[in-house]
Structure formats: structure tokens, C-alpha cells
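# Breakdown of the fold
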Amino acid sequence: MARTDTEIYRRFRGRLGGTRTSFLALARAGIAAETRRKLPMLILYAPPAIGTVIFSFVVYARFSLQAGVTPAAIGPPSPVSAIASGFVSTLIQVRDQIVLFHISMSYFTLLVIAWFGAGAIAEDRRSGAHLLYFSRPLHGSGYLAARFLSLAFFALIAVLVPPLVICTVAAFASPEWSFLKEEGRVIPASIAYSLLWVFVWSSVMLAISSLSTRKTLALVASFAGFALTGAVSVLLSALQRDPRFLILGVQGNFHRIAGWMFGMRRLGLDWDVRWSWIVVLGVAALAWAVLIARVRRMEAAA
Amino acid sequence: MPEGDCLPPALTGLEVVALLGCLTGLARPDALARAHEVLDYVGIDEARYRLASEYSSGTKQRLKLAQALVHDPELLLLDEPTSGLDPKGRRHMLDLVHDLGHRQGKSLLYCSHLLPDVERTCTYVVVLSRGRVAVEGSIASLTHADGRQVRVEVGGDRAEFLRSLRETGLSHAEEPGGALVVRLGREDGDVDELFGLAARSRATLRTVEEVRSSLEDVFLAGVGGAGG
């Protein structure tokens with residue numbers, strides 16, 4: 001008679017449900033797995049958090065001064081109040097401060113996307129985990145959706161939460177809700193720009209990850225690609241003294257789209273925004289074509 | 001249950017099984033409860049809260065079996081489940097597989113090149129060679145497929161008994177210890193015939209035991225020798 005060391009086998013008495021939303025379980029597991037590593041989380045999210053606190057303070061200070069409160073009222077002399085006073089003295093509009101903070105912080109979030117995205121598919125390929133996933137009623141589309149949602153979750157925390165927090169502070173600090181009344185469109189523009197940024201860069205990062213079998217290789221490839229396209233466009237732009245050469249880099253096109261979305265002309269990019277949309281969405285389409293092809297291969301192998 | 005490494009590296013054993021339960025259609029609470037049950041069954045205790053990547057080979061194999069059982073399927077596909085296991089782990093795995101197949105009513109498709117494992121756990125075998133079915137049948141019938149053979153130790157007039165065997169057309173072979181292996185010619189061949197021959201030739205049969213082909217013999221015959 002067969003004997004097991006522990007318990008008897010118990011039959012499952014429940015009922016199997018549908019599997020249309022089962023990819024959410026995979027997305028949730030992906031998030032749980034990444035949040036287990038505390039140090040990278042701390043390193044990657046500390047700068048946006050610090051930046052958010054400082055800029056929130058700057059915005060609060062500006063509205064306070066506008067309402068007649070003196071710098072002394074902000075608090076005792078400290079490095080933070082000194083930075084805040086410096087920013088306030090530039091008299092940049094609050095909206096511009098938020099937008100510039102948003103754009104500069106979104107570049108920082110590339111680190112977040114690269115870190116969490118590089119291993120998303122590469123690690124599954126290396127460990128062979130896709131063999132288990134695709135032995136279940138999970139299709140390639142569900143797998144892709146799960147991996148994309150996991151990555152987008154981490155990216156959105158870094159790219160969307162800071163401007164929303166600052167906008168919230170601005171809304172409450174502004175007299176008579178003037179921020180919401182006069183510059184309220186910054187909020188939907190921030191959301192739209194964040195979603196576009198996350199969609200495009202997450203797609204690119206997942207595509208790179210799907211082409212690699214190691215997280216490290218995917219990280220190196222993503223930084224090399226980003227630096228190369230950025231360097232070429234900036235170099236050509238500088239040599240030709242024509243900012244329109246920035247259209248060759250995805251980053252320059254994002255700058256142009258940001259200027260268009262936030263209604264800012266001071267970014268200095270004046271080519272037709274449609275070209276930027278074509279470049280940015282073209283890159284995303286290419287990334288998805290790679291992703292779909294690679295995931296189909298994984299599915300077939302399983 | 002795949003043969004090679006396939007466990008997500010950043011999840012605990014419990015999370016792996018629960019996740020795959022969810023992917024199969026179990027609600028999250030059901031998947032979690034069911035994961036505990038099957039992990040109990042395969043003998044993964046506190047280790048279920050450790051990362052699966054830190055498991056030993058034996059525990060990884062048992063975790064793979066657990067994830068295959070989480071939704072209680074009727075059919076299990078097991079690819080080399082004892083691969084890379086030490087003797088104790090192999091024995092435990094074979095016990096589990098045997099239990100599933102013989103007591104829990106599961107149908108198992110067990111792929112292995114370890115024929116003693118197959119012989120111990122399976123009832124029906126298909127030998128594939130170069131993508132084609134070389135041998136197929138129940139293990140009981142396959143190990144008798146080349147005719148029934150018996151090993152006998154002969155006393156008395158041994159020479160006369162051998163002559164009688166030759167006259168009746170029963171082929172035989174002598175083993176180093178002096179015992180004879182007699183091929184009875186057909187699967188239902190009767191050993192009474194041998195006793196009759198022994199009586200007529202004034203010989204006695206001290207022992208009579210059945211000789212079965214091992215599955216390895218069947219395999220080698222099916223694929224055309226050791227080189228097949």
C-alpha cells in the first residue's frame with residue numbers, strides 16, 4: 001500500500017470558476033513578488049517622495065506668500081525653507097513648477113520602469129515559469145496584460161502620484177480654490193501624460209525583457225538604447241543648432257507632447273506635435289509587435 | 001508537471017500553488033485553502049513559506065506535483081517526476097504517484113526513462129522510438145509477451161530429461177548454476193507438461209519458478225537493442 005509521510009489526499013469540493021480575469025492573479029503575484037525586495041523599493045521611491053515633499057512645500061509657500069504670509073511664517077530657518085524661498089523667489093508660476101517637476105520626475109521613473117520591467121518576462125523565460133502559466137487556461141494576451149499591469153502599477157506610483165499630491169496641495173493652499181479654477185486642467189493633463197509615458201516606456205521595457213533571458217542583460221540593453229537614441233538626437237541638435245533634430249529621440253518627442261498637453265511654450269520645441277505622436281505611438285506599436293511575437297513563441301514552447 | 005525547472009523564483013511555495021490555482025479558475029480563498037491541502041499531502045510543511053527558488057531538488061519536485069494537484073484534475077501528466085531525486089526523495093515521490101494512481105482514482109500519464117519507476121507505478125506502457133510506437137500494452141502482458149518461461153532445477157536422470165525436452169520441441173537454456181530455463185512456447189503453457197516429461201524420464205523437478213521478462217528487456221526488444 002502506498003504511504004505518504006503526511007496527510008491523505010483530499011478531493012476538491014468546490015467549483016472551478018471562469019478564467020477570464022485570472023490574469024489579475026498573475027499581476028497581483030508579480031506585484032507581491034517585487035514588493036518583497038525592500039531595498040530597491042526604498043532606493044527607487046525615496047527621490048520621488050523627497051521631491052514631492054519639497055515641491056509641495058514650495059507650492060504651499062508660494063500661495064502662502066501670495067496670501068500675505070511672510071517667509072518667517074513658513075517656519076524656522078532650515079535647509080528646506082531656504083530651498084523653498086529660492087524657488088519662490090524665481091516667481092515661476094505654480095503650474096509651470098508642477099509641469100517641470102512632472103517632466104523631470106518622469107525621466108527619473110525610467111529607472112523604476114527599467115528595474116521592475118527588465119526581469120518581468122526575462123525571469124519567467126530563464127526560470128521556465130511560463131511553462132506552468134501556459135499549462136493553465138491562460139493565453140498570451142492574459143499573460144501580457146498581467147505583466148503590463150504589474151509594471152504599470154510601479155511606474156504609475158512614481159510618475160503619477162507626485163504631481164497629483166502637489167496639485168492637491170496647490171488646490172487646498174490656493175485662496176478661494178483659485179488653482180482649481182484657473183489651472184485645473186493641469187490635473188487631467190498630468191494624468192494623461194503619465195498614462196502615455198507609462199504605456200510607451202513599459203511596452204518598450206517589456207519588449208526588451210522578452211528578448212532577453214536575464215534581467216541584467218535587459219537592464220543594460222534598455223539603458224544603452226535610451227542613452228543612444230537620446231545622445232544621437234541631442235548631438236545632432238547641438239551640431240546643427242536646430243532643436244527639431246530632437247524628434248529623432250523618443251525623449252524629445254515626449255517633451256514636445258508635454259508642451260502641447262500642458263500648454264507650455266517655454267519648452268522651446270516647435271515642430272508639428274503630430275510627428276511626435278507618430279514617433280511615440282510608433283515605438284509603442286513596435287514594442288507590442290515584438291511582445292506579441294515573443295509571447296506567442298513562449299506559449300507554443302509551453 | 002514539467003521535468004525541468006519551472007518555478008517562479010520570487011514567490012513562496014504557497015504562493016506558487018495558490019497562484020496556479022487562481023489561474024485555473026479557483027477563487028482566491030479556495031486557491032489558498034486548496035494550496036495548503038495539497039502541500040500537506042506532498043509533505044511540504046513550514047518550507048511552504050520560503051521562496052521556491054531556495055528549495056532542494058526533492059522539494060521542488062514535490063511542489064511541482066502539488067501545483068499540478070491544486071485544482072484536483074482527473075488526469076495528471078507527469079514528466080520525469082523522479083528526475084534529480086535522491087533515493088529517499090524518489091521513494092516518496094513514487095509513493096505519492098502510486099497513491100494517486102491506485103487509491104485516489106487519478107489517471108496518470110507518466111513519462112520516464114527510469115523503467116523500474118514505470119514498472120512500479122504504471123499498469124499500461126507505451127514505448128516510443130523515433131517518434132513511433134514501438135511497444136504498447138499492459139505491463140503484465142508485456143513481460144509475458146515472448147511466451148511463458150520457467151526455471152527448473154532437475155534431479156535424477158538429467159540427461160534423459162534433456163533428451164525428452166528436445167524430442168518434444170521445448171527450447172531451453174542452461175544457467176551457470178545448472179538450472180534450466182524452459183520456454184513453454186505459449187503464454188498459457190502448462191507446467192504439468194514438464195512434470196509429465198520428468199516422470200517419463202525418471203527425473204525429478206526440485207524447483208519450478210516462473211521467469212518474467214523485465215520491462216527493460218521489453219524496451220530493448222522494442223527499440224531494437226541497446227543502441228536503439
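Residues numbered from 1 in each chain as written. Chains lettered and ligands numbered in written order. Predicted model: local features only at pLDDT ≥ 70, side-chain atom pairs only at ≥ 80, totals over all residues. Heavy atoms only, no water.

## Details of the environment of Phe63 of chain A
Residues and elements named next belong to chain A. Residue position: Phe63 is located in helix α2 (residues 38–66). Between the alpha carbons of Phe63 and Leu228 there is a distance of 41 Å; along the sequence they are 165 residues apart. Among residues more than four places away in sequence, those in contact with Phe63 are Val94, Ala170, Ala173, Ser174, Pro175, Ser178 and Phe179. (Helix = DSSP H or I, 4+ residues; strand = E, 2+ residues; numbered from the N terminus. Contact = heavy atoms within 4.5 Å.)

## Looking at the interface of chain A and chain B
Across the contact, 34 residues belong to chain A and 43 residues belong to chain B. Summed over both partners, the interface of chain A with chain B comes to about 3,400 Å²; 59% of that surface belongs to carbon and sulfur atoms. Ranking the residues of chain A by area buried against chain B places Tyr9, Leu132 and Arg136 of chain A at the top, with a combined share of 24%. Across the contact surface, chain A and chain B share three salt bridges. (Buried area = accessible area lost by both parts, 1.4 Å probe. Salt bridge = Lys/Arg side-chain N within 4 Å of Asp/Glu carboxyl O.)

## Things to note about the pattern of salt bridges
The tally for this structure, following the rule as stated, stands at 18 salt bridges over all chains. Among the salt bridges present, the one from Arg36 of chain A reaches Glu15 of chain B, with a minimum N-O distance of 2.6 Å. Placement of the pair is Arg36 of chain A in the loop between α1 (23–35) and α2 and Glu15 of chain B in helix α1 (residues 13–24), with the two residues belonging to separate chains. Among the residues examined, Glu15 of chain B registers a relative accessible area of 26% and is labelled partly exposed. Across the pair Arg126 of chain A and Glu123 of chain A runs a salt bridge, and its minimum N-O distance is 2.9 Å. Residue Arg126 of chain A and its partner Glu123 of chain A are located together in helix α5 (residues 94–127), separated by three residues, close to a single helical turn. (Buried < 20%, exposed > 50% of the residue type's maximum accessible area, 1.4 Å probe, protein only.)

## Some details on helix α3 (residues 57–69) of chain B
Along its 13 residues, α3 of chain B runs 19 Å from first to last C-alpha, staying within 8% of the 18 Å computed at 1.5 Å per residue. Of all 13 residues in α3 of chain B, eleven are buried; the element is thus mostly enclosed. Here α3 of chain B has its buried residues at Thr59, Lys60, Gln61, Arg62, Leu63, Lys64, Leu65, Ala66, Gln67, Ala68 and Leu69 of chain B. Considering only its buried residues, α3 of chain B is in contact with α6 (129–133) of chain A together with α1, α2 (28–42), β1 (75–79) and α4 (87–102) of chain B. (Expected span 1.5 Å × (residues − 1).)

## Here we look at helix α9 (residues 215–223) of chain B
Residues and elements named next belong to chain B. For α9, the set of buried residues is Leu215, Val218 and Val223. End-on, the buried residues of α9 take up no more than an arc of 115°, which puts them together on one face. Tucked into the core, α9 has its buried residues touching α5 (115–121), β3 (124–129), β4 (132–138) and α6 (139–142). Just downstream of α9, Gly224 is the residue with a positive phi angle, here 85°. (Arc of directions from axis to C-beta.)

## Here's the deal with the domain arrangement of chain B
Domain boundaries assigned for chain B yield domain 1 (13–122) and domain 2 (149–211). Each of domain 1 of chain B and domain 2 of chain B has a C-alpha centre, and these two points are 48 Å apart. (Domains from an automatic or database assignment.)

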